[in-house]
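Residues per chain, in single letters:
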Amino acid sequence: MAQPDELAENQPVEDTLGGAADEAELSAAVAALTDEGVEQKERRRLLGRLVRLEIRERGVKDLFRPKKAIAWITDSVTRVAPYIPVRDLDTLIAHHGGLTGDALAERLIRNASRVTAGIGAAGGGVAAVEWAVTPSLLSAPVLLAAETVAVVAVEMKLIGELHAVYGRPVDGTERAVVLIQAWAERRGVNPLRIGGSVAAAMGTALRKELRDRLLKRFGRNLSTLGPLLTGAAVGGFLNRRATLSLGADIKKDLQPGRKVIEG
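Residues numbered from 1 in each chain as written. Predicted model: local features only at pLDDT ≥ 70, side-chain atom pairs only at ≥ 80, totals over all residues. Heavy atoms only, no water.

1. Observations regarding the nonpolar core
What counts here: Think of a nonpolar core as a cluster: buried Ala, Val, Leu, Ile, Met, Phe, Trp, Tyr and Cys residues, connected wherever their side-chain atoms sit within 4.5 Å. Relative accessible area decides the class of each residue, using a 1.4 Å probe on protein chains only: under 20% of the type maximum gives buried, over 50% gives exposed, and in between gives partly exposed. Numbered from the N terminus, helices here are DSSP runs of H or I no shorter than four residues, and strands are runs of E no shorter than two. Two residues qualify as a contact provided that any one of their heavy atoms is within 4.5 Å of a heavy atom in the partner residue.
Residues L50, I73, V77, M156, L162 and W183 are the most contacted members of the largest nonpolar core, which totals 62 residues. Elements with a minimum of two residues in this core: α2 (20-33), α3 (40-58), α4 (66-80), α6 (101-125), α7 (141-165), α8 (175-185), α10 (205-220) and α11 (228-254). With 17 residues, the single largest contributor to this core is α7. Contact partners of I73, with chain neighbours within four places excluded, come to A145, T148, V149, L214 and F218.

Structural data, given as structure tokens:
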């Protein structure tokens, strides 16, 4: 396999993420980043892996172009959504000392916000991981695109687990679409309204809605590309605030007595 520095120096390489091995690597890295127990050093390493995958898929030049970066983010979120680990209610209760209902939901939101804050901080500090990508590229959207995919995955995991907390678990083949839709709309989603594959559903207006929401998130997080320490601090703060806000919206929508959006 070519080394990252070699990829940076050469022309954009052929798209290889269509292969099963690269898809598995992408999904595994993102799934690992959603784990609240991951240490910061490991987060930086995993983000470096995502950066490497971006370069391998799109080439360096494309990732300097915001539209191309957003296309990669949208495609990647769509691909990894089916593999995001979502714990069931029994597992959540056991893991959080018997908490249930609103108390459990609040704990999940708090923990997810800490994870996304950690990802923002890791993104700001990933320049120290020299094998990830040449330093000159870290001023481009390359790193930010990888960070955005990871943060969205954490938030979709949170959405899935909040659905479980409030008695609306999302299971089956439609789960990925439900998570994508709920994240894009910032609303709890009734799983019965969606059927079919991810690819089929993402051929509709949902893909545009996801892309538009990702574009807003991507632009907001441009601050993480500032100076090393400033970028890390600001990126962590913005991610934490956004996750807390999203979690509160989903929690409010799923609480007993509220009707989940159906159209």
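2. Quick word on the pattern of salt bridges
The criterion, for reference: The rule for a salt bridge is simple: a side-chain nitrogen of Lys or Arg has to be within 4 Å of a carboxyl oxygen of Asp or Glu.
This model, assessed by the stated rule, comprises 11 salt bridges. We note a salt bridge from R79 to E23, for which the minimum N-O separation is 3.6 Å. Linking R79 in helix α4 with E23 in helix α2, this pair joins segments that are 56 residues apart in sequence. Note that E42 and R45 form a salt bridge whose closest N and O atoms lie 2.7 Å from each other. Of the two residues, E42 and R45 are both situated in helix α3; the distance of 3 residues between them amounts to about one turn of the helix.

3. Side note on unusual backbone geometry
We note that R186 has phi near 55 degrees; this positive angle belongs to a residue other than glycine. The topology assignment puts R186 in the loop between α8 and α9 (198-201).

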